[in-house]
Amino acid sequence: MEVVIAPGAELARLAADVIDRLLRTRAAQERPAVLGLATGSSPLAVYDELARRHAEEGLSFAHASAFMLDEYVGLAAEHPERYRNVIEREIAGRVDIAPEAVHGPDGLADDLPAACARYEEAIADAGGVDVQLLGIGTDGHVAFNEPGSSLASRTRIKTLTRQTRQDNARFFAGDVDQVPTHCLTQGLATIMAARHLVLLASGRGKAEAVHQLAEGPVSAMWPATVLQHHPHVTVLVDDAAASRLQLADYYRETFAAKPAWQRL
Ligand code: GLP
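Residues numbered from 1 in each chain as written. Predicted model: local features only at pLDDT ≥ 70, side-chain atom pairs only at ≥ 80, totals over all residues. Heavy atoms only, no water.

Enquirer: Help me understand the nonpolar core in this model?
Expert: Note on soluble globular proteins: their nonpolar side chains tend to be buried together. With 80 residues, the main nonpolar core has Leu50, Leu133, Leu199, Leu227, Val237 and Leu245 as its most contacted residues. A total of nine residues in this core trace back to one element, the largest contributor, which is helix H1 (residues 8-27). When neighbours within four sequence positions are excluded, leucine 245 is seen to be in contact with Val3, Ile5, Val210, His211, Ala214, Glu215, Val237 and Tyr251. Ranked by size, the runner-up nonpolar core spans five residues in total, among them Ala109, Leu112, Ala115 and Cys116. (Core = buried A, V, L, I, M, F, W, Y, C linked by side-chain atoms within 4.5 Å. Buried < 20%, exposed > 50% of the residue type's maximum accessible area, 1.4 Å probe, protein only. Helix = DSSP H or I, 4+ residues; strand = E, 2+ residues; numbered from the N terminus. Contact = heavy atoms within 4.5 Å.)

Enquirer: What should I look at first to understand the site of the ligand in this one?
Expert: Around the ligand sit 13 residues in total, of which Ser41, Ser42, Asp70, Arg170 and Lys206 are the nearest. Residue histidine 141 places a side-chain N or O atom 2.8 Å away from an oxygen atom belonging to the ligand. When the ligand is considered free in solution it has 390 Å² of accessible area, and contact with the protein chains removes 94% of it. (Near = heavy atom within 4 Å. Polar contact = N/O pair within 3.5 Å; in protein donor to acceptor, adjacent residues only side chain to side chain. Areas by Shrake-Rupley, 256 points an atom, 1.4 Å probe, with all protein chains shown as cover.)

Enquirer: Is there a simple way to think about the sheet that holds strand E8 (residues 182-185) in this case?
Expert: As a general point, the strands of a sheet are linked pairwise by backbone hydrogen bonds and lie either parallel or antiparallel. On the basis of which strands lie adjacent, the open sheet formed by three strands has the order E4-E8-E7 and antiparallel pairing. The strands lining the two open edges of the sheet, one partner per strand, are strand E4 (70-72) and strand E7 (156-159). With strand direction ignored, the average angle separating the axes of adjacent strands in the sheet is 30 degrees. As paired elements, E7 and E8 share four bridges and run antiparallel to each other. Of the residues in E8, the one forming a bridge with isoleucine 157 is leucine 184. (Pairing = 2+ DSSP bridges. Axes fitted to C-alpha atoms, helices over the stretch in contact; angles between N-to-C directions.)

Enquirer: Would you explain the packing of aromatic side chains in this entry?
Expert: The relative placement of two aromatic rings is captured by the distance of their centres and the angle of their planes. The final tally for this structure, using the stated rule, is six aromatic pairs. Taken together, a centroid distance of 5.7 Å and an interplanar angle of 85 degrees make the contact between tyrosine 72 and phenylalanine 172 edge-to-face. Here the residue tyrosine 72 occupies a position in strand E4, and phenylalanine 172 occupies one in the loop between helix H5 (162-168) and E8, the gap between them amounting to 100 residues. Residue classification places phenylalanine 172 among the buried residues on the basis of a relative accessible area of 2%. With 5.8 Å between their ring centres and 10 degrees between their planes, tyrosine 83 and phenylalanine 144 make a pair best called stacked. Within this pair, whereas tyrosine 83 is found in helix H3 (residues 83-90), its partner phenylalanine 144 is found in the loop between strand E6 (131-134) and E7, the two being separated by 61 residues in sequence. (Phe/Tyr/Trp six-rings, centres within 6.5 Å; stacked < 30°, edge-to-face > 60°.)

Taken by themselves, the reported measurements are silent on function.
Dropping the structure here:
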């Protein structure tokens, strides 16, 4: 796991660089790039940077496909906070990715377990996710894998914790009762199957979760800690989110001394 501590704008550029490189190398090859998209505030600056590169630098998503991490259950198709609509607004609708190439779990399906199984198949059929963007919840959840999630879990229905619903109430006019109680989420094992995981976190509210993620014991109580078992994880954090890291100085020195040829 590589931890990079830097100002927010630089973190967004670094994450965008990873996706930029993937898109440009894959455009020339047969196998199209498969992106893993996250919602929440953390990836927004990355999406802005990718949209800018698309508009100004010819970065093309035309051959790429994308898979979302999660979705609320039961939010109406046109609801602005339905993750499908959030992704359309924040990134898909701003670049040249084909609309049918953007996939998400179907939170409006009649048969939710069948929808989850279909989603797992779709990811596998696409050849798996190349680069997965991730945020982290204040309670250490990734996607919507709340504390107690099986480290071997696959896409399934989950009940959101009160904490997560309170954290997300800001997207629902501050009213926690409007936040859905259930979601469909890629499981931890689903996420772990992606080839490169890029997690972004900023602000003091994430400091404990980031500390646990990078330095705590692997435990279902802090679901993000499972990432310690992944061979290629990049954790991009600002100073506030890094404020509880025991090895912060080491991470800073390591990144400052990183050989130019060695990319994220
Ligand atoms: C939600 C999303 C997660 C996200 C988390 C943190 O719960 N399902 O994917 O990581 O929020 O969100 P934020 O980046 O807004 O802090």
